[in-house]
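# A look at the structure
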Amino acid sequence: MESKRSVPRSFSKALPDGETVSCQSCRRLAVRYSRFALSEPAFRKTLTLSAVAVVVLLAGIFCSLLYASFPALQAMGFRFFIGTTWDPVTGEFGALPFVMGTLLTSFLALVISTFFSLPIAIFLGEYYRYGVVSSLVKTGIELLAGIPSVIYGFWGLFFLVPIVRALQLQVGAPPYGVGILTASCILAIMIIPYSASLGREMIALVPSDLKEAALSLGATRFEMVRKVILPYARSGIFAGILLSLGRALGETMAVTMVIGNANFIPKSLFAPANTMASIIANEFTEATGTIYLASLIEIALLLFVVTMIINLVGKFIVSRLRVEV
Amino acid sequence: MVCGFIRLCCVVGLVMALLIGYASAADKELIGAGATFPYPLYSKMFDVYSREYGVKVNYQAIGSGGGIRQLINKTVDFGGSDAIMGVEDTKAAAAAVLHIPICAGAVVLTYNLPGNPEVNFTAHIISDIFMGKITKWNDARIIAINKNAKIPDLPITVVHRSDGSGTTFVFSDYLSKVDSDWNGKVGKGTALNWPVGLGAKGNPGVAGLVKQTPGSIGYVELIYALQNKMSFGNVKNRKGLFIKPTLASTSAAANTRLPDDMRVSLTDSDSPQAYPITSFTWILAYRDQAYGNRTQDKANDLVKLLWWMTHQGQKYAEPMEYAALSPNAVTKAEALIKSITYQGKPVMR
């Protein structure tokens, strides 16, 4: 309530003296760069060009993947998508274990990360919006996003793997340490910053009058969060989760170091598996032979399509979740 | 505005200077790409060579498969490979490609057992462990050839390379030669359809996983095991002796009849001192150097470099823990280098 009123007041104060300064420098800039200044139509054209370029690029990537994977599509056909054997020696290529591995690790990571990212988002978006605590946590999360994935991988290999191995010994599973669960945990940590930051923005954007109305009706802060903020911000929060899912699907280095790289369909959470991104990273450099190379590119195509489908489904859900006030 | 113009001139001038500088340097530069295994040795050799002869050699360690692809696309002067070019690649290259051996390497079995016993292996035991048929360390067959070592009662965890690799090729080439069961079910290649086990990326990945997992067994390059002080086992060779992998026993594998084209797998060598899981690493180059826009000078530079690497350059191998070429291998390499031509005329006189 306070923040909402204070913003316009300080704004109006800043305007009178700020205006002259900014206008002067504006004019100076305008004179200096008038030779380079874009006309209105040219500016519009530039914008259109940039926008179209992205779409063309996307289509171009899709087409080149399709073209390069054609030998494999021809040789393997539909068997590629349902086959469970990946044997470069005999030239038998089935991608199902990798699709399963990718989806399983990504969604598991999403579930784990949501347990952390949602509370962080509420904490920063509602309870501690300003101040030392908030900026400390915010910086911490941003730093988490900046750590290179190979460092996550090494950390996982030397810290997380022994913990998971101890757990596996407890429950009587083969004590590999690496596998689906370890990979999902690493992924979860890696994607927290994405969903947490977007969730925080969305929660901070909930109009104050709605929140105040709930409070004035006698709702506690927890009830207000539950009944007003989360329903209002849910489409945005979900969009953040979707963004983080995209990252999880494509993550390569950290996953490949802790997933165990076994080309089988995983039978349990502890089992070693492999993902689409990691099989490409692992085998592309040494792949020889047309079909083998084309099969790896076809996996890239598959990853592209799977990511696109998940994104489209997500977009649909986001639009259904949107609340009009 | 004048200031801006001068600045622009400066930038353009600088870019031009860089481009021209690059172009003139390119004349005395050879480009190679390929195997990662010999990369440390190659970079040492190329560094010394460029200081002695003023020819810069730019070698990108992108993997044997990548090296072969780049050579076929003619984007490099030479490729590096741990494996002999396959039938399909040879066909794709169209022209004759020479395999010139530079040094030899070995693949060792490393394991994590309490007390670090020195374990003996035979080909069939290795094959059965990596196919998941032997699952316990105290299997009767392992105990039978390790009477003096303390072998614990532990389940075996197999660790293999997850990335395509020349190391895997050499390892599987050996097992395919000596074990028909392996040959039928798994075969040889840079990447395999592993029946059991965990995959780890690169030598460091395998080493890391083996170090962490009690009862695990994996395979890494000899130099990697030596540099990281890892324990590794002896393997029974063709003459029935258990051989400890060393630089000497690796070099010894080439003390056998070698074919003239050197497209030879050294695994399971019949030399009595030889460690059996051994291979050359080769530099690949076209026999006729007059292709694309290549000049005679470039061909001369390449031939000189190859001659140097197989002769004077060999002294850098042992200190860096690579096995140098045996004398008979050098003789064969000499004949190959002498056979390189430019427009039909031999480059070396």
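Because the structure is predicted, anything quoted here is derived from the model rather than measured.

This paragraph deals with the overall build of chain A. From N to C terminus, chain A includes 13 helices and 2 strands. Looking at chain A as a whole, 38% of its 325 residues are labelled buried. For chain A, the proportion of contacts with a sequence separation of at least 24, taken over those separated by at least 6, is 72%. Entry remark: accessible area of chain A is about 17,900 Å², with carbon and sulfur atoms responsible for 71%.

Further remarks concern the packing of aromatic side chains. Residue and element names in this part refer to chain A. According to the stated counting rule, one finds 29 aromatic pairs over all chains in the structure shown. Here Phe93 and Tyr292 contribute two aromatic rings whose centre-to-centre distance is 5.4 Å and whose plane-to-plane angle is 10°, an arrangement assigned as stacked. Taken as a pair, Phe93 in strand S2 (residues 92-93) and Tyr292 in helix H13 (residues 290-321) lie far apart in primary sequence, 199 residues in all. Here Phe93 matches Tyr292 in class, with each residue buried.

In this structure, B:Phe121, B:Ile129, B:Phe130 and B:Ile217 are the most contacted members of the largest nonpolar core, which totals 104 residues. Counting residues in each nonpolar core, the second largest holds 62 residues, with B:Ile223, B:Leu284, B:Trp308 and B:Val347 among its members.

Peptide bonds are trans in most cases, and residues, glycine excluded, mostly fall at negative phi. All names here are of chain B. Positioned with a positive phi, Asp268 is a non-glycine residue whose angle comes to about 55°. Among the secondary structure elements, Asp268 is positioned in the loop between helix H11 (247-251) and strand S11 (278-286). Classification of Asp268 as buried rests on a relative accessible area of 13%. Unusually for a residue other than glycine, Glu321 sits at a positive phi of about 65°. Position of Glu321 among the secondary structure elements: in the loop between helix H12 (296-310) and helix H13 (327-338). Judged by relative accessible area, Glu321 falls into the partly exposed class, the value being 26%.

Before going further, it helps to examine the interface of chain A and chain B. Contact with chain A, which involves 33 residues of that partner, is made by 35 residues of chain B. Of the roughly 2,500 Å² buried between chain A and chain B, counting both surfaces, carbon and sulfur atoms make up 50%. It is A:Val89, A:Asn282 and A:Glu286 that lose the most area in chain A upon contact with chain B, and together they represent 24% of the buried surface on that side. Viewed at the interface, chain B and chain A are joined by 0 salt bridges.

A few words now on helix H2 (residues 39-53) of chain B. All names here are of chain B. Over its 15 residues, H2 runs 20 Å from end to end, which matches the ideal 21 Å to within 8%, given 1.5 Å per residue. Taken together, the buried positions of H2 are Leu41, Tyr42, Met45, Phe46, Val48 and Tyr49. Take H2 and look down its axis: the buried residues cluster within an arc of 165°, on one side only. Packing partners of the buried residues in H2 comprise strand S2 (56-60), strand S3 (78-81), strand S4 (97-111), S11 and H12. Backbone geometry just after H2 places Gly54 at a positive phi near 70°.

Time to look at the sheet that holds strand S9 (residues 234-236) of chain B. Residues and elements named next belong to chain B. Within the open sheet, the 3 strands sit side by side as S5-S9-S10. Their pairing is mixed. A single partner strand is all that each edge strand has here, and the edge strands are strand S5 (120-121) and strand S10 (242-243). Two elements, S9 and S10, share 2 bridges in a ladder whose sense is antiparallel. Paired with Lys236 across the strands is Phe242, a residue of S10.

Residue and element names in this part refer to chain A. Between helix H5 (residues 96-127) and helix H10 (residues 221-250), the least distance of the axes is 9 Å, while the angle of their chain directions is 140°. As summarised for this structure, H5 and H10 are arranged oblique, according to the angle between their axes. Taken as a pair, H5 and H10 cross one another with a handedness that is right-handed. Side by side, H5 and H10 meet where Thr102, Leu103, Ser106, Phe107, Leu110, Thr114, Leu118, Ile122, Glu126 and Tyr127 of the first sit next to Arg221, Phe222, Met224, Val225, Ile229, Leu230, Ile237, Ile241, Ser244, Leu245, Ala248 and Leu249 of the second. Tallied by class, residues from the contact of H5 with H10 come to 16 nonpolar, 4 polar and 2 charged.

All names here are of chain A. Of all 8 residues in helix H12 (residues 276-283), 7 are buried, a share of seventy percent or more. Buried within H12 are the following residues: Met276, Ala277, Ser278, Ile279, Ile280, Asn282 and Glu283. On its buried face, H12 sits against strand S1 (86-87), H5, H10, helix H11 (253-258) and H13.

We now examine the pairing of S2(B). All names here are of chain B. Residues Val57 and Tyr59 line the buried face of S2, whereas the alternating positions Lys56, Asn58 and Gln60 sit on a face that is not buried. Relative to S2, strand S1 (residues 29-34) is paired through 5 bridges, and the arrangement is parallel. Opposite Glu29, over in S2, you have Lys56 as the bridge partner. Handedness of the crossover joining S1 and S2 through H2 is recorded here as right-handed.

Turning to the pattern of salt bridges, a few remarks are in order. Residue and element names in this part refer to chain B. The tally for this structure, following the rule as stated, stands at 18 salt bridges over all chains. The partner of Asp128 in a salt bridge is Lys133, and the shortest N-O contact between them spans 3.9 Å. For Asp128, a relative accessible area of 10% gives the class buried. Beyond isolated ion pairs, a larger network of salt bridges with shared partners links Asp128, Lys133, Arg141, Asp181 and Lys185.

The next point concerns the pairing of S11(B). All names here are of chain B. With 9 of its 9 residues buried, S11 lies for the most part within the structure. Alternating residues of S11 divide into Thr278, Phe280, Trp282, Leu284 and Tyr286 and Ser279, Thr281, Ile283 and Ala285, and every residue in both groups is buried. As paired elements, S3 and S11 share 3 bridges and run antiparallel to each other. When the bridges of S11 are listed, Gly80 appears paired with Ile283. Taken together, the 9 bridges between S4 and S11 define a ladder with antiparallel strand orientation. If you follow Ala104 over to S11, its bridge partner there is Phe280.

Taken together, the side chains of A:Ile147, A:Val150, A:Ile151, A:Phe154 and A:Phe158 present a nonpolar region at the surface, about 420 Å² in accessible area. Its location among the elements puts A:Phe158 in helix H7 (residues 149-171).

Residue and element names in this part refer to chain B. Pairing within the open sheet is mixed, and its 8 strands lie in the order S2-S1-S3-S11-S4-S8-S6-S7. In this open sheet, the two edge strands, each paired with only one partner strand, are S2 and strand S7 (198-200). Recorded for the sheet is a direction-independent mean angle of 25° between the axes of neighbouring strands. Pairing between strand S6 (residues 157-161) and S7: 3 bridges, direction parallel. Within S7, the residue paired with His160 across the bridge is Gly199. Across the sheet, H2 touches S2, S3, S4 and S11, and the angle it forms with S2 is around 165°. Taken strand by strand, helix H7 (residues 166-178) contacts S4, S6, strand S8 (216-221) and S11, and its axis lies near 110° from that of S8.

A water-sized probe rolled over the atoms picks out the places where empty space is left. A complete count under the given rule lists 5 cavities of 30 Å³ or more for this structure. Put simply, the largest cavity is a space of about 120 Å³. For the largest cavity, the lining is made up of 19 residues, of which A:Asn261, A:Asn263, B:His160, B:Leu192 and B:Trp194 are closest to its centre. Breaking the lining of the largest cavity down by element, the ones donating at least two residues are H12 of chain A together with S6 of chain B. Tallying contributions element by element places H12(A) first for the lining of the largest cavity, with 3 residues.

Definitions and limits used
Residues numbered from 1 in each chain as written. Chains lettered and ligands numbered in written order. Predicted model: local features only at pLDDT ≥ 70, side-chain atom pairs only at ≥ 80, totals over all residues. Heavy atoms only, no water. Helix = DSSP H or I, 4+ residues; strand = E, 2+ residues; numbered from the N terminus. Buried < 20%, exposed > 50% of the residue type's maximum accessible area, 1.4 Å probe, protein only. Contact = heavy atoms within 4.5 Å. Areas by Shrake-Rupley, 256 points an atom, 1.4 Å probe, with all protein chains shown as cover. Phe/Tyr/Trp six-rings, centres within 6.5 Å; stacked < 30°, edge-to-face > 60°. Core = buried A, V, L, I, M, F, W, Y, C linked by side-chain atoms within 4.5 Å. Buried area = accessible area lost by both parts, 1.4 Å probe. Salt bridge = Lys/Arg side-chain N within 4 Å of Asp/Glu carboxyl O. Expected span 1.5 Å × (residues − 1). Arc of directions from axis to C-beta. Pairing = 2+ DSSP bridges. Axes fitted to C-alpha atoms, helices over the stretch in contact; angles between N-to-C directions. Parallel < 35°, antiparallel > 145°, perpendicular 65-115°, else oblique. Left-handed = near helix turned anticlockwise from the far one by under 90°. Nonpolar A, V, L, I, M, F, W, Y, C, P; charged D, E, K, R; others polar. Right-handed = clockwise from strand over helix to strand, strands pointing away. Patch = residues over 30% accessible without salt bridge, like charges linked within 9 Å, V, L, I, M, F, W, Y side chains within 5 Å. 1 Å grid on protein atoms, 1.4 Å probe; cavity = no way out; pocket = protein on both sides within 12 Å on 5 of 7 lines; lining within 4 Å. Points joined across faces, edges and corners; volume = space filled by probe spheres on them.

Geometry only, nothing functional implied.
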